[in-house]
Amino acid sequence: MSALIWTVAKMKAWEDEQNRTGLSYARMMEHAGSRAAADLMNRFSYPQHTLVLCGRGNNAGDGLVLARILSEHHWPVTIMWLQGQQLSPLAEVNRARLPAAVVYAELMQLNKVLPEMQLIVDAVYGTGFRGELPEVVRQCFATVAQASVFRVTLDIPSGVAGDGDKVAAGSFQAQLTYVFQALKPAHCLAQAVPLCGEIQCIDLSD
């Protein structure tokens, strides 16, 4: 685990500086999703049927990269949109790159598809989230928490503010969190630690 602890603002400043000096936002997203996918494939000896819960921002983009890599390695992957399909530009680019083998499911189908799943990836909100989770998202997370699946989150459990000032009721409960580049204050917060599970830091540099 990284010993670095960066605020959300410091993380954003680091990303902006990398983008200015040649490591593009798109490349960092590719590193985030592909390196998390590589770690998952190393952890499991055979493909896991994976459900990726996607929001519409760049955290969803990270999840779509991960979905693409897993699918290319013959993992069965299902995408479920939790905030509609008007995605951020980078997320949209990565949606367009998904293989034809990827399956899509509506949120209303969660109870139907969940028994088929072995692994759930939370790519709904990133570290910049604040406030309360929408009721439909809380209900989704509560259902997933009761399922016999391995739960993974990208950067921080959805519902937890990166700077640690707020942990929303019903936040995602992960068993493994892939932290990008550096820990955020919330990763060390007593309320949030149980929601993160194991923490694995992913380097976004080339």
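Provided above is the structure to which this section pertains.
Below is a short write-up of the structure. The model shown is predicted, which means the values in this text are computed figures rather than measured ones. (Residues numbered from 1 in each chain as written. Predicted model: local features only at pLDDT ≥ 70, side-chain atom pairs only at ≥ 80, totals over all residues. Heavy atoms only, no water.)

### Here we look at the nonpolar core
So, point 1. Residues Val52, Leu66, Ile79 and Tyr178 are the most contacted members of the largest nonpolar core, which totals 38 residues.
So, point 2. Those elements that provide at least two residues to this core are α1 (8-20), α2 (25-43), β1 (50-54), α3 (58-72), β2 (77-81), β4 (119-123), β5 (150-154) and β6 (176-180).
So, point 3. Examining the composition of this core, we find that seven residues originate from one element, α3, more than from any other.
So, point 4. Setting aside chain neighbours within four positions, we find valine 52 in contact with Gly63, Leu66, Ala67, Val77, Thr78, Ile79, Met80, Val121 and Ala123. (Core = buried A, V, L, I, M, F, W, Y, C linked by side-chain atoms within 4.5 Å. Buried < 20%, exposed > 50% of the residue type's maximum accessible area, 1.4 Å probe, protein only. Helix = DSSP H or I, 4+ residues; strand = E, 2+ residues; numbered from the N terminus. Contact = heavy atoms within 4.5 Å.)

### Focus on α3
So, point 1. Between its first and last C-alpha atoms α3 spans 21 Å; for 15 residues at 1.5 Å apiece the expected length is 21 Å, and the two agree.
So, point 2. With 13 of 15 residues buried, α3 lies mostly within the body of the structure.
So, point 3. Note on α3: the residue one or two positions beyond its end, histidine 74, has a positive phi of about 70°. (Expected span 1.5 Å × (residues − 1).)

### As for unusual backbone geometry
So, point 1. In the Ramachandran plot, histidine 74 falls in the positive-phi region, its phi being about 70° despite a non-glycine side chain.
So, point 2. Positive phi, close to 75°, is recorded for glutamine 181, a residue that is not glycine.
So, point 3. Looking at where glutamine 181 falls in the secondary structure, it is placed in the loop between β6 and α7 (193-196).
So, point 4. Overall, the relative accessible area of 13% leaves glutamine 181 in the buried class.

### Details of the pairing of β1
So, point 1. In terms of residue burial, β1 counts as a mostly covered element, since five of its five residues are buried.
So, point 2. Every second residue of β1 is oriented toward a common face, with Thr50, Val52 and Cys54 on one face and Leu51 and Leu53 on the other, all of them buried.
So, point 3. Relative to β2, β1 is paired through five bridges, and the arrangement is parallel. Across the sheet, residue leucine 53 finds its bridge partner in β2, namely methionine 80.
So, point 4. The parallel pair β1 and β2 is bridged by α3, and the resulting crossover is right-handed.
So, point 5. As defined by bridge partners, β1 adjoins β4 across five bridges and the pair is classed as parallel. (Pairing = 2+ DSSP bridges. Right-handed = clockwise from strand over helix to strand, strands pointing away.)

### A word on the environment of isoleucine 120
So, point 1. Summarising the element assignment, isoleucine 120 is placed in strand β4.
So, point 2. Separated by 70 residues in the primary sequence, isoleucine 120 and threonine 50 have C-alpha atoms spaced 5.7 Å apart.
So, point 3. Isoleucine 120 has contacts with Leu51, Leu53, Leu114, Val144, Val149, Phe150, Arg151, Val152 and Phe172, leaving out every residue within four places of it along the chain.

### Topic: the packing of aromatic side chains
So, point 1. Tallied over the entire structure, the rule returns six aromatic pairs.
So, point 2. Ring geometry for phenylalanine 44 and tryptophan 75: centres 6.2 Å apart, planes at 80°, overall edge-to-face. Residue phenylalanine 44 is located in the loop between α2 and β1, and its partner tryptophan 75 is located in the loop between α3 and β2; the two are separated by 31 residues in the primary sequence.
So, point 3. A residue is classified by how much of its surface remains accessible, and tryptophan 75, at 5% relative accessible area, is buried.
So, point 4. Judged by centre distance (5.2 Å) and plane angle (80°), the ring pair of phenylalanine 141 and phenylalanine 172 falls under edge-to-face. Taken together, the residues phenylalanine 141 in helix α6 (residues 135-145) and phenylalanine 172 in the loop between β5 and β6 connect sequence positions 31 residues apart.
So, point 5. Given a relative accessible area of 3%, phenylalanine 141 falls into the buried group.
So, point 6. Directly above the ring of tryptophan 6 sits lysine 10, whose terminal nitrogen or CZ lies 5.1 Å from the centroid.
So, point 7. Sitting over the face of the ring of tryptophan 81, arginine 95 holds its NZ or CZ atom 5.2 Å from the ring centroid. (Phe/Tyr/Trp six-rings, centres within 6.5 Å; stacked < 30°, edge-to-face > 60°. Lys NZ or Arg CZ within 6 Å of the ring centre and 35° of its normal.)

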